[in-house]
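Here is how the chains run, residue by residue.
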Amino acid sequence: MTDTPASYSGPQRIFSGIQPTGNLHLGNYLGALKKFVDLQEDGWDAVYAVVDLHAITMPMEKGALLSQTRQIAAAFLACGVDPKKSILFAQSSVKAHVELAWIFNCVARMGWVERMTQFKDKAGKDAERASVGLFTYPVLQAADILAYKATHVPVGEDQKQHLELSRDIADRFNREYDAPGFFPLPEPLIKGPGARVMSLKDGTKKMSKSDPSELSRIALVDDADMIAKKIKKAKTDLLGDMPSEVDGLEGRPEVENLVGIYAALSGESVEAILRQYGGQGFGVFKPALAEVTVNHLSPITQRYREILDDPAFIDSVLQDGAERADAISAPVIAEVWKLVGFWGA
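Residues numbered from 1 in each chain as written. Predicted model: local features only at pLDDT ≥ 70, side-chain atom pairs only at ≥ 80, totals over all residues. Heavy atoms only, no water.

## Let's talk about the nonpolar core
Part 1: In this structure, L26, Y29, L33, Y48, F76 and F285 are the most contacted members of the largest nonpolar core, which totals 61 residues.
Part 2: Ranked by residues supplied to this core, first place goes to helix α13 (residues 282–308) with 11 residues.
Part 3: When residues of this core are sorted by domain, at least three fall in each of domain 1 (14–195 + 311–340) and domain 2 (214–306).
Part 4: When neighbours within four sequence positions are excluded, L33 is seen to be in contact with I18, L24, N28, A75, F76, C79 and L220.
Part 5: Within the second largest apolar cluster, 42 residues are counted, among which are V47, L140, I145 and A170. (Core = buried A, V, L, I, M, F, W, Y, C linked by side-chain atoms within 4.5 Å. Buried < 20%, exposed > 50% of the residue type's maximum accessible area, 1.4 Å probe, protein only. Helix = DSSP H or I, 4+ residues; strand = E, 2+ residues; numbered from the N terminus. Domains from an automatic or database assignment. Contact = heavy atoms within 4.5 Å.)

## A look at the domain arrangement of the protein
Part 1: Examined at the domain level, the protein breaks down into domain 1 (14–195 + 311–340) and domain 2 (214–306).
Part 2: Taken over C-alpha atoms, the centre of domain 1 sits 30 Å from the centre of domain 2.
Part 3: Opposite the 15 residues of domain 1 that make contact, domain 2 presents 13 residues.
Part 4: Summing the contributions of domain 1 and of domain 2, the shared interface buries around 1300 Å²; its carbon and sulfur component is 76%.
Part 5: Looking only at domain 1, the three residues that lose the most surface to domain 2 are L26, Y29 and A78, adding up to 39% of its buried area.
Part 6: For the interface between domain 1 and domain 2, the tally reads zero salt bridges.
Part 7: The interface formed by domain 1 and domain 2 includes three residue pairs in polar contact (both at pLDDT 80 or more).
Part 8: If you list the elements that add at least two residues to the side of domain 1 that touches domain 2, you get α1 (26–41) and α3 (65–79).
Part 9: The residue inventory of the side of domain 1 that touches domain 2, partitioned by class, reads 10 nonpolar, four polar and one charged. (Buried area = accessible area lost by both parts, 1.4 Å probe. Salt bridge = Lys/Arg side-chain N within 4 Å of Asp/Glu carboxyl O. Polar contact = N/O pair within 3.5 Å; in protein donor to acceptor, adjacent residues only side chain to side chain. Nonpolar A, V, L, I, M, F, W, Y, C, P; charged D, E, K, R; others polar.)

## Details of the UniProt feature "short sequence motif: 'HIGH' region" (unreviewed entry) in the protein
Part 1: Within this structure's numbering, the places UniProt gives as "short sequence motif: 'HIGH' region" (unreviewed entry) are residues 20–28.
Part 2: Overall, residues 20–28 shows 33% helix and 0% strand. The separation of its end C-alpha atoms is 12 Å. (UniProt positions renumbered as here; feature names shortened; annotations may be inferred.)

Shown next, in the form of C-alpha cells:
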C-alpha cells in the first residue's frame, strides 16, 4: 500500500464508482472492475458506488435509471466484488454525497473547475446548454471520495485531473476551517496492464460505451461468437506482422492495445507475448486473443446474467451497502457541520 500524507492519521481506504449509463465493456472491466477485485483481495478497506447522481448530469431516458443502477451493481458482483469484503451501494441512497458537495461547491473556485477538460469534452460546442450539474460534476466527485475520507482512488489517466481537484478542495477546506489533517489528500492508484483500454477501431481513442460503433468495444454481455467477430475485425495496421520486442510497438497503437488486452487477461507479460507471436501474422494472433478473452469473460457473463435475474438479491446488497456507507460518512458530515458552524450542529 502507498503511504498517505503524514498530516492525515486516519485509516487507509479506497473509494471509486461507476456511472449507470450503457452496457459495461472490456475497458470498464480491465480499467476498473478487475482492479477493484484485486485491491479487495489485497486487503484494502474499499467503498464502491454506482454513482447515479452523476448519471443525471447528462440526458437519460425516463425511467431507465433504476434499471441501469441494478445492472451496474450486478456487474460489480459478477466480476468478483464481494459485498462482505467491500461496501457496494447506490450513491443516491447516502445523503452525505449531496450534503458535502454543497459545502465543497463553496470551497472550490470557479477557475479550478473551469480547467477540468472533461466538461469541455462532454458539453461539446454548445457548453451554455449543458447542465450546471455537468460543470460541477468534479466537485461532487470530490465529495464522493472525501465523505469516506478515502485516502486512495483507483483511477485511469483521464481522471487524474479530477483527483487533483479533490486534493485541492480537501487542502483548502482543512486550511479554511483550521482543521489540519481533517480530510486526507487522496492519492491515485494507477498500476498494472490494461489500465487504459483503447477502441478496437482506433487505438488513439479510449474504448467507450458512447462510441456509435459496436465493433469498437467488447461488451461484458457479448457471447463467444460476438467477441471473436469483434476481435477479427479489430483494426491493426499495414506495417506487417507482430513485432518481437516491445520497441516494435512504438507508433503502432492498435497493435499495442491488442497486446495489452492479451496481457491483462492472460496474466502474461507483454515481452512473453511478443516472443511467442513475434514475426507471425495477425491471422494467428487474433484467434489466440479471442480465445483468451472468451475464456476469461465467459464465467463473468454467465454470472452477470444470473444476478440480473434476481433483482431482490441486488437490492439487498445495495441496501446493506448503503447502511454501512452511511455509518462511515454520517460522522464525517456531522463534524463538517461543526467546523463550518451551522446552527444545530
